[in-house]
Amino acid sequence: LEIAPSVPRGAEVVQAVEVGYFLRMKQIFILGLCMALVSNAKAKNESLVTVAEKSGWVKTGRYPEMVALCKAFQKAYPKQVRCFEFGKSPEGRSLMAMAVSGSGVLKAEQAAKKNHPVVLFQAGIHSGEIDGKDAGFYLLRQMLEGKVLPKALTKFTAVFVPIFSVDGHERFAAYNRPNQVGPEEMGWRTTAQNLNLNRDYVKSDAPEMAAMLKLLDAWDPLIYVDLHVTDGADFEHDVSVMTEPSMKGPEPITSVGKEISTTLMKDLTATGHLPLSFYPTLLKEDEPTSGFAYDIMPPRFSHGYWSARNRFGVLVETHSWKNYATRVKATEDTLASLFAMVAKNGAAWKKKVRETDLAAKKLAGEPVTLSWEPSKVSHEFEFLGYDYKQENSKISTLKKIAYDPSKKKIWKVPLFDDLQPSLTITAPKEGYYVPLAYSEWVGEKLKLHGIDFEILKTEKKISVEAFRATEATLEKASVEGRVRQTVKGEWKAEERTLPKGSLFVPIAQPKIFLVMHILEPTAPDSLVSWGFFHASFERKEYMEAYVTEQVAVEMLKDPKVQAAFDERLKDPEFAKNPAKRLEFFQRRHASWDDRYMLYPISRL
Ligand SMILES: [Zn+2]
């Protein structure tokens, strides 16, 4: 069992780090060897054993292994397992899922009909962080053999996507994760189109995401689990599990989310882990004293997305500096805790979800909070860190940090977990109108998200609210292939004629939070924010300056216009800006484009 070091370490690294690293490598070897011997001996069916398990948890298999395992599980357990394809990747690979149930509920329609709880869990959305694939196959085999949670699978259906980013998984190399210990080789973070799927939930540019949204919509899982590995600092904690909603969100599910999070922490501690319920990113990079914050992620992320649909989203992040065997075990124990909870409470929690859906439908015309951020209030948190040294670097000139994993140290640091609303918008009383010119592609997006809408059968003349931006600012660089945009402005009453074929999106639907996240122009992951409406904020027709000069002379004959112009001239910024001075008159002229800076979607 030869272990490839995850990253070549330079001479700058202190000796202690090397010692810690060696200890961990030794730990890999012993733990891996034990697990390999024990599990291989017990496995009933060799075809269900992963390359990872056979290697003593130092390697992971390739894409064809995943497809073969999926089929082999179905072959070994035809009544309990269905292996199926749910889409194709841009490089033509099949996206595979496995439905596993002890009560024969192996199709989405059956689960819907029987109101059967479903847990959908996925690995390899970032394919280099592949712990979940090998943990999932191992745990499901143990469950099917009756060795772990023997009756649980009769109470819910597990839907397992072993590799979400299949093309990324096959960009396979030893150094794809420079801040991670094992497996020996692993996949790449993004898709073949270089998109990060865990930013793509709302905009859904990637074909893989469109397939996933359809899978989620069909199965409507009570819990959607997304399995990752962290980046960032080095410390003792081995796993972080973020459950949404569990701090702020609609009731009654937020209370259930809190219960899920608390039970996870308790179960993981009992199985020997050191879990965290927040993402351990230092507020200031490489500065442990800066502490941590609890973040509620927007719906571009898996767990933020699924909680915006009034279900539970769980983000699992094993700690990248623990070895592969340790991380796979942490992932397995996290899944086992969730499965045990769903087996016990799934039916009751499905009722809470339905109550939340019904309550959401009544939020029409009410203030709805779409984003939260931590206030300046914090409390001291005893974080299980390592000793570290900070000194000025001759290489970067920055203050560098070197952790010493051989010396445990409690960091008494601030944890900012007092969350306050940072974006609250009053929901429309009726809903949103998408004019005909945009109805086709907006309609396609809404369908992908399972959002209900109607198509107007006749032309409609109506008083609506329109959003006219006073400012529209593009970000300087592209993000995920799009130039993001922020707009300022407000909804104000206007008249509209909506052609036949325009869309009406009623607000009184369970997915009200997601509807508002997508259609409110100021929401962080709205279609506007992701740059789908750039054209609406571009100026398209101009009155020449020399024409404006003549028009202005005529206009100024009106004393009211003269008075208004004089008033504007008191602003020195305006007075010294020729373009703004001309625009003052252009805006008052009948030729002014009344659709410039107008968001085409209106609301009522
Ligand atoms: Zn990740």
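This structure is a prediction, so every number in the text was calculated from the model and none was measured.

Student: Sorry if this is basic, but what is going on with the coordination of the zinc ion here?
Tutor: Ideal donor angles around a metal are set by the shape: a four-donor tetrahedron calls for 109.5 degrees, a six-donor octahedron for 90 or 180 degrees. Protein coordination of the zinc ion is provided by His126 (ND1), Glu129 (OE), Glu129 (OE) and His228 (ND1), with donor distances spanning 2.0 to 2.8 Å. Geometry at the zinc ion is irregular, judged from its four donor atoms and the angles of 51 to 147° they form at the metal. Positions of the donor residues of the zinc ion, expressed as sequence spacing, correspond to H-x2-E-x98-H. With a gap of 102 residues between them, His126 in the loop between β3 (118-123) and α5 (131-144) and His228 in strand β5 (residues 223-229) connect regions that are remote in the sequence. Comparing His126 with His228, the two get one shared label, buried.

Student: Got a minute to help me understand the side chain of Lys322 in this structure?
Tutor: As for its position among the elements, Lys322 is in the loop between β9 (312-318) and α10 (324-361). Buried charge Lys322 goes without a salt bridge, the closest partner of opposite sign being Asp234 at 4.7 Å. A polar contact of 2.6 Å, which involves the side chain of Lys322, links it to the side chain of His319. Once residues within four sequence positions are removed from consideration, Lys322 is found in contact with Val181, Phe235, Glu236, His237, Asp238, Arg327 and Tyr386.

Student: Honestly, the packing of helix α3 (residues 63-76) against α5 in this entry has me stumped. Any pointers?
Tutor: In a pair of packed helices, the angle between the axes and the distance between the axes together describe the arrangement. Axis separation between α3 and α5 bottoms out at 12 Å; the angle between their running directions is 10°. The angle between α3 and α5 falls in the class roughly parallel. Residues Met66, Leu69, Cys70 and Phe73 of α3 touch α5, and the partners they reach there are Phe137, Leu140, Arg141 and Leu144. In terms of residue class, the contact of α3 with α5 is made up of seven nonpolar, no polar and one charged.

Student: How should I be thinking about unusual backbone geometry in this particular structure?
Tutor: It is generally the case that most residues other than glycine have a negative phi and that most peptide bonds are trans. Looking along the chain, the bond that leaves Glu244 and enters Pro245 is cis, with omega of -10°. Here Pro245 shows up in the loop between β6 (239-244) and α8 (253-270).

Student: Before we go on, may I ask you to explain the packing of aromatic side chains in this structure?
Tutor: Here the distance between the centres and the angle between the planes together describe a pair of aromatic rings. Taken as a whole and judged by the stated rule, the model has 35 aromatic pairs. Taken together, a centroid distance of 6.2 Å and an interplanar angle of 65° make the contact between Tyr201 and Tyr224 edge-to-face. Residue Tyr201 is located in the loop between α6 (166-169) and α7 (207-219), and its partner Tyr224 is located in strand β5; the two are separated by 23 residues in the primary sequence. Judged by relative accessible area, Tyr201 falls into the buried class, the value being 0%. Residue class for Tyr224 comes out buried when judged on its relative accessible area of 1%. Linked through ring pairs, Phe235, Phe278, Phe292, Phe381, Phe383, Tyr388, Tyr403 and Trp411 together constitute an aromatic cluster. Looking at Arg82, its charged tip hangs above the ring of Phe84, at a distance of 4.2 Å from the centre. Above the plane of the ring of Tyr596 lies Arg539, whose end atom (NZ or CZ) is 5.8 Å from the centre.

Student: Which parts of the structure should I look at to understand the pattern of salt bridges?
Tutor: A pair can form between side chains of opposite charge whenever their charged atoms are brought close. The full count for this structure, using the stated rule, is 40 salt bridges. Salt-bridge contacts for Arg189 lead to Glu129; the nearest nitrogen and oxygen are separated by 3.3 Å. Remark: Glu129 occurs in the loop between β3 and α5 and Arg189 occurs in the loop between α6 and α7; sequence separation between them is 60 residues. Across the pair Lys570 and Glu567 runs a salt bridge whose closest N-O atoms are separated by 3.0 Å. Residue Lys570 is classed as exposed on the basis of its relative accessible area, which comes to 61%. Look at Glu567 and you get partly exposed, because its relative accessible area is 48%. The network of salt bridges with shared partners includes Glu53, Arg141, Glu145 and Lys147.

Student: Got a minute to help me understand α3 in this structure?
Tutor: Because an α-helix packs 3.6 residues into every turn, residues spaced three or four apart end up facing the same way. Here α3 contains 14 residues, and its C-alpha end-to-end distance of 20 Å stays within 8% of the 20 Å for a straight helix at 1.5 Å per residue. Taken together, the buried positions of α3 are occupied by Tyr63, Glu65, Met66, Val67, Leu69, Cys70, Ala72 and Phe73. On its buried face, α3 is in contact with α2 (51-54), β1 (81-88), β2 (94-100), α5 and α6.

Procedures and definitions
Residues numbered from 1 in each chain as written. Predicted model: local features only at pLDDT ≥ 70, side-chain atom pairs only at ≥ 80, totals over all residues. Heavy atoms only, no water. Donors = N, O, S within 2.8 Å, 3.2 Å for Na, K, Ca; no water. Tetrahedral: all angles 85-135°; square planar, octahedral: opposite > 155°, others 65-115°. Helix = DSSP H or I, 4+ residues; strand = E, 2+ residues; numbered from the N terminus. Buried < 20%, exposed > 50% of the residue type's maximum accessible area, 1.4 Å probe, protein only. Lys, Arg positive; Asp, Glu negative; His and termini not counted. Salt bridge = Lys/Arg side-chain N within 4 Å of Asp/Glu carboxyl O. Polar contact = N/O pair within 3.5 Å; in protein donor to acceptor, adjacent residues only side chain to side chain. Contact = heavy atoms within 4.5 Å. Axes fitted to C-alpha atoms, helices over the stretch in contact; angles between N-to-C directions. Parallel < 35°, antiparallel > 145°, perpendicular 65-115°, else oblique. Nonpolar A, V, L, I, M, F, W, Y, C, P; charged D, E, K, R; others polar. Phe/Tyr/Trp six-rings, centres within 6.5 Å; stacked < 30°, edge-to-face > 60°. Lys NZ or Arg CZ within 6 Å of the ring centre and 35° of its normal. Expected span 1.5 Å × (residues − 1).

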